[in-house]
Amino acid sequence: MIRNYQTNSAEETRSLASNLGAVLRPGDTLCLIGDLGAGKTTFTQGLALGLGLPPDEPVNSPTFMLLAEHPGGRVPLFHFDVYRLPDSSALYDLAFDEYLSGDGVVVIEWADRITDALPPDRLDIAFIAVSYDTRQITVMARGERAKEILSQL
Amino acid sequence: MDILGIETSCDETSAAVLRNGRDLRSNIIASQIDLHAKTGGVVPEVASRQHVTQINAVIAEALEVAGIGLGNIGAVAVANRPGLLGALLVGVSAAKTLAYALNVPLLAVHHIEAHIYANWLVDPDIEFPVVCLVASGGHSEIFLVRGHGDYLILGRTRDDAAGEAFDKSARLLGLPYPGGIEMDRLAREGAGNPKAVPLPRAQLGPDSLDFSFSGLKTAVSYAVRDPKWAAVPKADWAASVQEAIVDALTVKTLKAAKACGVNHVLLAGGVAANSRLQTVMREACAREGLRLTVPPIRLCTDNAAMIACAGYYHLQADLVDGLDLDTRASERLA
């Protein structure tokens, strides 16, 4: 199951993600794939809003820290960024598996770098910068729960 | 009294001895930067293992250079948050062990607080209030510091940190890791023209003291592919990107200082080591009649001296921690 979206500003990207965030439950996993500046962190900011985190919650790029935890919403958000990891073997030290089976929503930026470590039931979300402001966002449901989420959008 | 500081939150294993809060007796830093250059960044599991391998030797060297033995340590300060959990755990375990065995106070320090306190190693008589810019690979924040341990956040990045903006833009320009240092060097040694490529500075509204660097990243990714700029030399590229980041940091920090009516600005974090930031900030502060303190490079990048210094002020305020001390991956300072 695949859906395509086009957004024409960062605000529209956040709004799309916010709608998605509103239907997420603990245990859902979202894998964000796209180049530098394609909109992955912007999308995660919208998800945070949809998950009920306050608008002033700083959802930044966790590239340096690899993981940012955002409790305080309807469902906790665990925001991974594996940009700096060469492969999935390094995930062990981040307790990645525990987060996947935890009580929050897991978002992974640059997830295509760790494909062998991703759960089978997940949403893959690919970002392409069509122009300076326009993004093509393709959401692919892999697994039953993922299809259920996508059908609610 | 000698405080032993320990820092292992990311990719530096460091130990330092600070005497009476002022006299830095040693500051030993074992960097993993060569190791991580191969992968283009920190690998947490590798980082933890390196910390384990190096921590005892680094502590022993810090004591030896300081000319003291274990028995002379009066307190142990350690960074326990925020950072890579596996990495933090190495320093915290070492600190707990020493504090317990020597029966001395254990002082848990927030890594960002410690970066701010690097300034007190340069000038122990700083008068409050001050405005401090903390800019590093993981952080870009402006704090109003009203007293010891009293922080108010004035501005923060809404997306990428300044150091991350340096590193990611450097990657787009095809520069080697660590990109920020390389960009600084290239712009300086190549006398790069900072106006060669026009790049955006995010304002985020007239009153905002926040930063945003993701627009810059997008602009760089488009500009490098644009035939219009194909002939621009690398040094000019480096200078142009650097200027955009430095401008944003300087403008917002000065605005914060003016809004709060302080007359003293502090810099902290690894990005404070950027030579262009220091120059531009120095000129701007001189224009506005503000005092500026910039710690030397070895105290800007991750180090244990700053941990010991923050620990010293914790001890003055009786902020002592128990042996059940935990590590935390993320926690806001204010």
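Everything that follows concerns the structure shown earlier in this document.
Everything in this summary refers to the structure shown in the same document. Model, not experiment: these values are computed from the prediction.

1. Observations regarding the overall build of chain A
Looking only at helices and strands, one finds four helices and seven strands in chain A. Starting at the N terminus and ending at the C terminus, chain A contains elements arranged as β-α-β-α-β-β-α-β-β-β-α. Against the 2.2 N^0.38 benchmark of 15 Å for 153 residues, chain A shows a C-alpha radius of gyration of 14 Å, consistent with a compact globule. For the C-alpha atoms alone, the extent of chain A along its principal axes is close to 40 × 35 × 30 Å. With 153 residues in all, chain A has 57% of them scored as buried. A separation of at least 24 residues holds for 63% of the contacts in chain A among residues at least 6 apart in sequence. Accessible surface computed for chain A: about 6200 Å², of which carbon and sulfur atoms make up 51%.

2. Describing the interface of chain A and chain B
The interface is formed by 29 residues belonging to chain A together with 34 residues belonging to chain B. Both faces considered, chain A and chain B share a buried interface measuring about 2500 Å² in area, 58% of it formed by carbon and sulfur atoms. Joining chain A to chain B, the criterion identifies one salt bridge. Between Arg332 of chain B and Glu57 of chain A there is a salt bridge, and its shortest N-O distance comes to 3.5 Å. Of the residues belonging to the side of chain A that touches chain B, the class tally is 15 nonpolar, six polar and eight charged.

3. Observations regarding the sheet that holds strand E2 (residues 29–33) of chain A
Residue and element names in this part refer to chain A. If you walk across this open sheet you meet the seven strands as E1-E7-E6-E2-E5-E4-E3, and the pairing is mixed. The open sheet terminates on both sides in strands that have one partner only, identified here as strand E1 (2–7) and strand E3 (67–70). In this sheet, adjacent strand axes meet at a mean angle of 15 degrees when their direction is disregarded. Judged from the four bridges that link them, E2 and strand E6 (residues 122–129) form a sheet pairing that is parallel. From the neighbouring strand, Leu32 faces E6, where its bridge partner is Ile125.

4. Side note on the sheet that holds strand E9 (residues 264–268) of chain B
Residues and elements named next belong to chain B. Overall, mixed pairing links the five strands, which are arranged E8-E7-E6-E9-E10 in an open sheet. Where the open sheet ends on each side, the last strands, each with one partner, are strand E8 (150–156) and strand E10 (291–293). Taken pair by pair, the neighbouring strands of this sheet meet at an average axis angle of 25 degrees, ignoring direction. As defined by bridge partners, strand E6 (residues 130–135) adjoins strand E7 (residues 140–147) across six bridges and the pair is classed as antiparallel. Across the sheet, Ala135 pairs through a bridge with Ser140, a residue of E7. The strands that helix H8 (residues 234–260) touches are E6, E7, E8 and E9; relative to E6, the one it contacts most, it runs at about 160 degrees.

5. Observations regarding the side chain of Arg122 of chain A
All names here are of chain A. Its place among the elements puts Arg122 in strand E6. The buried category is assigned to Arg122, whose relative accessible area is 13%. Only 3.1 Å separates the side chain of Arg122 from the backbone oxygen of Pro119, close enough to count as a polar contact. Among residues more than four places away in sequence, those in contact with Arg122 are Thr29, Cys31, Met140, Ala141, Arg142 and Ala146.

6. Thoughts on the packing of aromatic side chains
Counting across every chain of the model gives twelve aromatic pairs over all chains. Measuring from centroid to centroid gives 5.1 Å for Phe80 of chain A and Phe96 of chain A, while their planes differ by 85 degrees, and the two rings are edge-to-face. Of this pair, Phe80 of chain A sits in strand E4 (residues 77–81) while Phe96 of chain A sits in helix H3 (residues 96–100), and the two are 16 residues apart along the sequence. Its relative accessible area of 0% is what places Phe80 of chain A among the buried residues. With a centroid separation of 5.1 Å and 20 degrees between ring planes, the pair formed by Tyr117 of chain B and Tyr313 of chain B is classed as stacked. Taken together, the residues Tyr117 of chain B in helix H4 (residues 111–122) and Tyr313 of chain B in helix H11 (residues 305–316) connect sequence positions 196 residues apart. Just as Tyr117 of chain B is buried, Tyr313 of chain B falls in that class too. What links up through ring pairs into an aromatic cluster is the set Tyr117, Trp120, Phe128, Tyr312 and Tyr313 of chain B.

7. Thoughts on the nonpolar core
All names here are of chain B. Leu133, Met183, Val197, Leu199, Phe213, Ile245 and Leu249 are the most contacted members of the largest nonpolar core, which has 52 residues in total. Among the secondary structure elements, those contributing two or more residues to this core are E6, E7, helix H5 (162–172), helix H6 (179–189), helix H7 (214–223), H8, E9 and helix H9 (275–288). If you tally residues by element for this core, the top one is H8, at twelve residues. If we skip the residues at most four places from it in the chain, Met183 touches Phe166, Ser169, Ala170, Leu173, Leu175, Ala238, Val241 and Gln242. Ranked by size, the runner-up nonpolar core spans 35 residues in total, among them Ala16, Ala75, Leu121 and Tyr312.

8. Remarks on unusual backbone geometry
Of the consecutive residues Arg81 of chain B and Pro82 of chain B, the connecting peptide bond is found in the cis state with omega at -20 degrees. Positionally, Pro82 of chain B belongs in the loop between strand E4 (73–81) and helix H3 (85–102). Each neighbour pair has its own omega, and for Phe128 of chain B with Pro129 of chain B the value is -5 degrees, a cis peptide bond. Tracing the backbone through its elements, the reader meets Pro129 of chain B in the loop between H4 and E6. The backbone of Trp110 of chain A shows a phi angle near 65 degrees, a positive value even though the residue is not glycine. Mapped onto the elements of the fold, Trp110 of chain A is located in the loop between strand E5 (105–109) and E6. Positive phi outside glycine occurs at Asn20 of chain B, with the angle close to 55 degrees. Topologically, Asn20 of chain B is positioned in the loop between strand E2 (12–19) and strand E3 (23–31). What makes Asn20 of chain B partly exposed here is its relative accessible area of 43%.

About the thresholds
- Residues numbered from 1 in each chain as written.
- Chains lettered and ligands numbered in written order.
- Predicted model: local features only at pLDDT ≥ 70, side-chain atom pairs only at ≥ 80, totals over all residues.
- Heavy atoms only, no water.
- Helix = DSSP H or I, 4+ residues; strand = E, 2+ residues; numbered from the N terminus.
- Rg over C-alpha atoms; globule rule 2.2 N^0.38 Å.
- Buried < 20%, exposed > 50% of the residue type's maximum accessible area, 1.4 Å probe, protein only.
- Contact = heavy atoms within 4.5 Å.
- Areas by Shrake-Rupley, 256 points an atom, 1.4 Å probe, with all protein chains shown as cover.
- Buried area = accessible area lost by both parts, 1.4 Å probe.
- Salt bridge = Lys/Arg side-chain N within 4 Å of Asp/Glu carboxyl O.
- Nonpolar A, V, L, I, M, F, W, Y, C, P; charged D, E, K, R; others polar.
- Pairing = 2+ DSSP bridges.
- Axes fitted to C-alpha atoms, helices over the stretch in contact; angles between N-to-C directions.
- Polar contact = N/O pair within 3.5 Å; in protein donor to acceptor, adjacent residues only side chain to side chain.
- Phe/Tyr/Trp six-rings, centres within 6.5 Å; stacked < 30°, edge-to-face > 60°.
- Core = buried A, V, L, I, M, F, W, Y, C linked by side-chain atoms within 4.5 Å.

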